[in-house]
Amino acid sequence: MKLGEGVEAAIHCAAMLAGVEGVATMPGAAMAEAFGLSPSYLLKHLNALTASGILESVPGPSGGYRLARPAERITLLDIVLAVEGREPAFRCGEIRQRGPARLDASAYVKPCGISVAMLRAERAYRAALAEARLSDIVADYMSDADPRSVAANCAFVERHRRPQKSSSTKQV
């Protein structure tokens, strides 16, 4: 299974936003800079995360993005589905019913064994992603990564985060 590059970008951005405290935001351009991505490319994925309720977009000159819910309530499956869509990766086209050796429809009453196996694998893959919480990914990074990397990333977030003066509070 091959996931688009946008999935990696989306997970990294969500992880970065997990480090933005309170109702502060992070501009999309800053996240694009952090990961060496085109702002317009990243915006497409940030919009998908926002539409899926993973991120919240705050408009205005001091706006940006923040998590719409706590990192403990965001899974990798949530992010993958937001970016890649809900359709399964494998879609059986029933090609066994084509070609010169095909039979009439009555010969194909049972589901295609290849489709059954692929969809079983998809369910296992999705179940594993559903168990992987964004908060755990961030905690593992904070404890296992090179301290220089952690310090550099924390400093980047601190430099680019935008405090919000609004009395609204972050959704929980």
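Definitions and cut-offs
Residues numbered from 1 in each chain as written. Predicted model: local features only at pLDDT ≥ 70, side-chain atom pairs only at ≥ 80, totals over all residues. Heavy atoms only, no water. Helix = DSSP H or I, 4+ residues; strand = E, 2+ residues; numbered from the N terminus. Rg over C-alpha atoms; globule rule 2.2 N^0.38 Å. Buried < 20%, exposed > 50% of the residue type's maximum accessible area, 1.4 Å probe, protein only. Contact = heavy atoms within 4.5 Å. Areas by Shrake-Rupley, 256 points an atom, 1.4 Å probe, with all protein chains shown as cover. Lys, Arg positive; Asp, Glu negative; His and termini not counted. Charge placed at Lys NZ, Arg CZ, Asp CG, Glu CD. 1 Å grid on protein atoms, 1.4 Å probe; cavity = no way out; pocket = protein on both sides within 12 Å on 5 of 7 lines; lining within 4 Å. Points joined across faces, edges and corners; volume = space filled by probe spheres on them. Salt bridge = Lys/Arg side-chain N within 4 Å of Asp/Glu carboxyl O. Pairing = 2+ DSSP bridges. Patch = residues over 30% accessible without salt bridge, like charges linked within 9 Å, V, L, I, M, F, W, Y side chains within 5 Å.

Visitor: So what about the overall build of the chain? Which residues, and what values?
Guide: On a plain count of helices and strands, the chain comes out with seven helices and two strands. Beginning at the N terminus, the succession of helices and strands in the chain can be written as α-α-α-β-β-α-α-α-α. Taking 16 Å as the expected radius of gyration for a compact globule of 172 residues, we find that the chain reaches 21 Å, considerably beyond that expectation. If you line up the chain on its principal axes, its C-alpha atoms span 70 × 35 × 30 Å. Relative to its 172 residues, the chain shows a buried fraction of 33%. When contacts within the chain are restricted to residue pairs at least 6 apart in sequence, long-range pairs at least 24 apart make up 69% of them. When the accessible surface of the chain is summed, it comes to about 10400 Å², and 57% of that surface belongs to carbon and sulfur atoms. Taken together, the 21 basic and 18 acidic charged side chains of the chain have centroids lying 6 Å from each other.

Visitor: An account of the environment of arginine 73 is needed here, citing residue identities and associated values.
Guide: Structurally, the position occupied by arginine 73 is in the loop between strand E2 (64–67) and helix H4 (76–84). For the pair formed by arginine 73 and serine 135, sequence separation is 62 residues and the distance between their alpha carbons is 8.1 Å.

Visitor: Go over the layout of surface pockets with me, naming the residues and quoting the values.
Guide: Size it by volume and the largest pocket reaches roughly 520 Å³. Every residue lining the largest pocket is counted, 18 residues in all, and those nearest its centre are Ala15, Met16, Tyr141, Asn153 and Val157. Of all the secondary structure elements, the ones that give two or more residues to the lining of the largest pocket are helix H1 (5–18), helix H6 (134–144) and helix H7 (147–160). No other element matches H7, which puts five residues into the lining of the largest pocket.

Visitor: Please provide a residue-by-residue account of the pattern of salt bridges, values included.
Guide: For side chains bearing opposite charge, pairing can occur when the charged atoms are close. Scanning the model with the defined rule gives seven salt bridges in all. Among the ionic pairs, arginine 96 bridges to glutamate 94, the shortest N-O distance being 2.7 Å. For arginine 148, the salt bridge is made with aspartate 146, and the minimal N-O distance between the two is 2.7 Å. For arginine 148, a relative accessible area of 66% puts it in the exposed group. Residue aspartate 146 is classed as partly exposed on the basis of its relative accessible area, which comes to 35%.

Visitor: Provide a residue-level description of the pairing of strand E1 (residues 55–58), including the pertinent values.
Guide: In terms of strand pairing, E1 meets E2 through four bridges, oriented antiparallel. Across the sheet, serine 57 pairs through a bridge with tyrosine 65, a residue of E2. A loop of five residues connects E1 with E2, the two strands running antiparallel in sequence, and glycine 60 in this loop sits at a positive phi of about 105 degrees.

Visitor: An account of a negative patch on the surface is needed here, citing residue identities and associated values.
Guide: Together, Glu72, Asp136, Asp140 and Asp144 line one region of the surface with negative charge. Accessibility expressed as a relative area gives 62% for aspartate 144, which makes it exposed.

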